[in-house]
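# Examining the three-dimensional arrangement
Each chain, written out:
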Amino acid sequence: MGTKIAIVNVKDYNSIQEAIVSAIKMVEDSFSFKLSECKNILLKPNLLRATKDACTQPAFVEGALAYLKEKKVPRENINIGDSPGQIKTFATKIAQKVGIYDIVEREGINFIDFEREIPIEVQIEGALRFKNCYISKPVVDCDLLINLPKLKTHGEATITGAIKNYWGIIPGGLKAKTHLLGKTPDQFGEVLADNYAWVVKNKPNRLIIYDLHTIMQGAMGPVSGKMKNWNLVLVGTDELALDTIALEIGKFKGLDYVPHLKSAYERGLGIGDLKDIEIVGMSLEEAKRITPKFKVPGKRMTKLAASITGGIVYRVTKRVPKLQKKKCIQCGQCSEICPAEAIEFRSKDYPKFKTEVCISCLCCMEMCPQQAIKAKRRGFFGLFHKF
C-alpha cells in the first residue's frame, strides 16, 4: 500500500487559498471517500492559544472552505471546532482573536466549542498507555475530518504537526491530565500514538491540509518560537506520511527523533517509508532545496547521549518551567492546568514550581496567557529528581 502527497509552492499561486485548492485537487483520486456522501464535515484547526503564530492561519480555513464551495458542499454540512488546553478559555474566543471566527461568520459555518458538548467515552483498541479516553462528540459524529495542522517544535513531543493536532479532540483540561500517562518523551509519544490509533480506526475519512507556509521552530515552540517562511502547502490523507515528508523537507529525520512518529510507524498506523509515498506537484528534492533546515534544539545531542548513558542524561537535559516575574500577572492558570500538581499558587502571589515532582510536560508554558514561562534544562540537580 502507498499514499499520495501534494507539495505546492505558494509563490506559484496568487494566494494561499488558491494554492490549497490546487493541492487538494492533485490528490483527489486517492480519496477513500465520496465528498457528495459526507453530510457532517468537521474542520479541525489548531487553536492552541490566542496568538496568531501558535494557531492555524485563517487562510488555511479559507482554502478548505473554498474547495468545499467549489465542490458544492452545502454550508449546513460543514462545522469547525477545537478544544484548547486552557481551562478558562473556549476555542471560540481564540478563533475570534486570531481572525478565524470572522471567516466562519462570513461563510455561514457552524463553530463548535468541543467543551460545550458532552464527550463520548471510548476504549482504544491495542493502546499501550491510553486505553480509556473521552473524545469530543463533534469528532465522534463527523463523517469527514479535515485536519488543519501547522508544523511547530514542541517542548515534550519534539514536534507538533498532523498527528499531534488530534490531541485537540480530547476536551479541555483532560488533555493535561493525560500527560500523567506519559512522563518521559518516549512514554508520551506512545500516548499520542494511542490517541491517533483511535482516529485511524474510527475516522477513516480524513483530509489533511498542512501548513508549511509559516512554521515555528526553536526552544519556545509551540507557542512563541521563531517563525520561518517555507512557503509550502502539503495535502494528503495519511498523517504519518505527511509528518514524515514535512520533516524530510526540513532535513530532520522524524522517525528517528520524534517518539510519537516512531510509535505510530512501529504499529503500522500509517506510512512512513519514503518509497511508499508518491509525491505530486513540486518534487521532494526541490522542496528540500528551497527550504531552510528545521531547527529542533538539542534533540540530536540528547538522543545520542541518552543512548549511551540512559536516564542520567535524560534527567539532566529534561526541561522544566521557569517563571519570568516581569510578565506574570498572577492569574493562576498555570497551577490549574498542571496535571502533576507541581505548581503552588496563592492569590496575589507568584506561582511556585516544585521541580522535584514536575513531569516536564510544559503545559504551563503552552497555556500561560502572558508567555511568562520559559523552559530551562534541569541541569545537575535533575540527577536527584524522580522523573
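Located above this text is the structure these notes cover.
So, how was this worked out
Residues numbered from 1 in each chain as written. Predicted model: local features only at pLDDT ≥ 70, side-chain atom pairs only at ≥ 80, totals over all residues. Heavy atoms only, no water. Phe/Tyr/Trp six-rings, centres within 6.5 Å; stacked < 30°, edge-to-face > 60°. Buried < 20%, exposed > 50% of the residue type's maximum accessible area, 1.4 Å probe, protein only. Helix = DSSP H or I, 4+ residues; strand = E, 2+ residues; numbered from the N terminus. Lys NZ or Arg CZ within 6 Å of the ring centre and 35° of its normal. Pairing = 2+ DSSP bridges. Salt bridge = Lys/Arg side-chain N within 4 Å of Asp/Glu carboxyl O.

Any two aromatic rings considered together are summarised by their centre-to-centre distance and by the angle between their planes. Inspection of the entire model under this criterion finds seven aromatic pairs. A centroid spacing of 4.6 Å and a plane angle of 20° characterise the contact between Phe31 and Phe33, whose relative ring orientation is stacked. Each member of the pair, Phe31 as well as Phe33, is classed as buried. Ring geometry for Trp167 against Phe188: centres 5.5 Å apart, planes inclined by 90°, an arrangement best described as edge-to-face. Pair noted here: Trp167 is in the loop between β9 (158-160) and α6 (174-178) and Phe188 is in helix α7 (residues 185-202), with a separation of 21 residues, a long-range link. Residue classification places Phe188 among the buried positions, given a relative accessible area of 1%. Here the aromatic residues Phe130, Trp167 and Phe188 are joined through ring pairs into a cluster of three or more. When the ring centre of Phe90 is taken as origin, the NZ or CZ atom of Arg116, which lies over that ring, is 3.8 Å away.

So, on to the pairing of strand β7 (residues 144-148). Of all five residues in β7, five are buried; the element is thus mostly enclosed. Of the two faces of β7, both are covered, the one formed by Leu144, Ile146 and Leu148 as well as the one formed by Leu145 and Asn147. Sheet analysis places strand β2 (residues 41-45) next to β7, joined by five bridges and oriented parallel. Paired with Ile41 across the strands is Leu144, a residue of β7.

As a further point, take the pattern of salt bridges. When the charged atoms of two side chains lie near each other, side chains of opposite charge can form a pair. Going through the model one piece at a time under the given rule, you end up with 18 salt bridges. Glu190 is the partner of Arg129 in a salt bridge, and the nearest nitrogen-oxygen pair spans 2.6 Å. Here Arg129, found in the loop between β5 (120-123) and β6 (132-135), pairs with Glu190, found in helix α7; they are 61 residues apart in sequence, far enough to count as distant. We classify Glu190 as partly exposed; its relative accessible area is 23%. If you follow the salt bridges from partner to partner, you end up with Glu62, Arg75, Arg106 and Glu107 in one network.

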